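Structure at a glance
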Amino acid sequence: MRILVLGAGGTGGYFGSRLLAAGRDVTFLVRPRRAALLAERGLHVRSPVGHLDLPAPPTVTADALDAPFDLILLSCKAYDLDSAMDAFAPAVGPHTRILPLLNGMRHLEVLRERFGHEAVLGGLCLISAALDAEGRIQHFAPAHKLVFGELDPQATSSEPAVLKVLDDAGFDVRLSENIRQEMWEKWVLIANLAGITCLMRASVGDIIAAGAGDLALKLWDECAAVATQCGYPPGEEATQRVRRIITDVDSVLMASMLRDVESGSRTEGDHILGDLLRRGGEGNYPVLRAAHLHVRAYEARRERVTQGK
Ligand SMILES: NC(=O)C1=CN([C@@H]2O[C@H](COP(=O)(O)OP(=O)(O)OC[C@H]3O[C@@H](n4cnc5c(N)ncnc54)[C@H](OP(=O)(O)O)[C@@H]3O)[C@@H](O)[C@H]2O)C=CC1
Ligand SMILES: CC(C)(CO)C(=O)C(=O)O
């Protein structure tokens, strides 16, 4: 099975490297700058579960793609989805499966609209990884799980083939019977954590120390209410997990979205917070709205400053 990994960043670089090291047929679809860097320095993973050094990872740029792949691992940020789709479109044939790793849900509709419902799998990953200044993949904690499944239960399935190629490749993988529910549960966790840590510009423990722990819980209630309204009420286990995370007084955890804000980078605020708020329709979600507007204001300022205004 030929695998195309779009992006060699935190997630794509990590899972793609593990697959490559396990002998799978992997090619990274990258932009010219990253292609040059990978050719010059190779692809390196620094991980608590074992480093990887791949001197010459196979890469391709969009202009050179001319044949379908069997599986496309999509690992761009949400704000790059349109350009990513344009880039990998020539690699989509009648039997290609696209497995996105993005947080949130909106990308599924966009991908299905463009490439057809049958092409797109649901997917998520449980990992904390990022590119460092040298272009290496830093894997921060041992967790490295990829979960995927059919979005429509009645779909004729190539799941066994996809599972086979992802299995036993140096990370955990699981086929989900209900990937939409699992994606929603992950989404509301991220929205809660990103929303409150961005709004307060602080870690979970600092937020509680400031006396704002009740706001974190209020945001959880709002996120869970939107999910419930959309038909995906978070299960008991997911609810308890999130409540544990956001009420941990000793926690220095902050969402990667806050790290993006602090480094002046673009965020996935619209995809993670804005889309959730939109799906809440006319409902009253004041903390979610404040969190979304806070990140929007940051983006507006960033854009203005970038344009030199
Ligand atoms: N990092 C993590 O720990 C986790 C991330 N996620 C989610 O996974 C998704 C990806 O995140 P992450 O891997 O961190 O993101 P990164 O920014 O680290 O990597 C994204 C990569 O996509 C590449 N890319 C974007 N557009 C294109 C294009 N048109 N053609 C080729 N390459 C392209 C970028 O390339 P370039 O270098 O050229 O900009 C970049 O290397 C996000 O939705 C995130 O929320 C989910 C769980 C954990
Ligand atoms: C849940 C968490 C914090 C794990 O790293 C995350 O994925 C994020 O903030 O984007």
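Residues numbered from 1 in each chain as written. Chains lettered and ligands numbered in written order. Predicted model: local features only at pLDDT ≥ 70, side-chain atom pairs only at ≥ 80, totals over all residues. Heavy atoms only, no water.

**Side note on the UniProt feature "domain: Ketopantoate reductase C-terminal" (unreviewed entry) in the protein**
The positions that UniProt labels "domain: Ketopantoate reductase C-terminal" (unreviewed entry) are, in the present scheme, residues 178–286. Annotated as residues 178–286, this span is 69% helix and 0% strand, and its ends, taken at the C-alpha atoms, are 30 Å apart. (UniProt positions renumbered as here; feature names shortened; annotations may be inferred. Helix = DSSP H or I, 4+ residues; strand = E, 2+ residues; numbered from the N terminus.)

**A look at the site of ligand 1**
Inspection of the region around ligand 1 gives 24 residues, with G10, T11, S83, A129 and E268 positioned closest. Contact between ligand 1 and E268: an oxygen atom at 2.6 Å from a side-chain N or O atom of the residue. Elements supplying a minimum of two residues to the shell around ligand 1: helix 1 (10–21), helix 3 (81–88) and strand 8 (121–131). The leading source of residues in the shell around ligand 1 is strand 8, at four residues. Residues belonging to the shell around ligand 1 are distributed by class as follows: eleven nonpolar, eight polar and five charged. (Near = heavy atom within 4 Å. Polar contact = N/O pair within 3.5 Å; in protein donor to acceptor, adjacent residues only side chain to side chain. Nonpolar A, V, L, I, M, F, W, Y, C, P; charged D, E, K, R; others polar.)

**Section: the environment of G122**
Tracing the backbone through its elements, the reader meets G122 in strand 8. For the pair G122 and P100, spaced 22 residues apart in sequence, the C-alpha to C-alpha distance is 6.7 Å. Sequence-distant contacts of G122, defined by excluding residues within four places in its chain, comprise L99, L108, V147, F148, G149, L151, I179 and M183. (Contact = heavy atoms within 4.5 Å.)

**Regarding the site of ligand 2**
Surrounding ligand 2, one finds S128, I190, L193, A255 and S256. In the environment of ligand 2, an oxygen atom lies 2.6 Å from a nitrogen or oxygen atom belonging to the side chain of S256. For ligand 2, whose free accessible area comes to 280 Å², the fraction covered by protein is 77%. Here the shell around ligand 2 is composed, by residue class, of three nonpolar, two polar and no charged. (Areas by Shrake-Rupley, 256 points an atom, 1.4 Å probe, with all protein chains shown as cover.)

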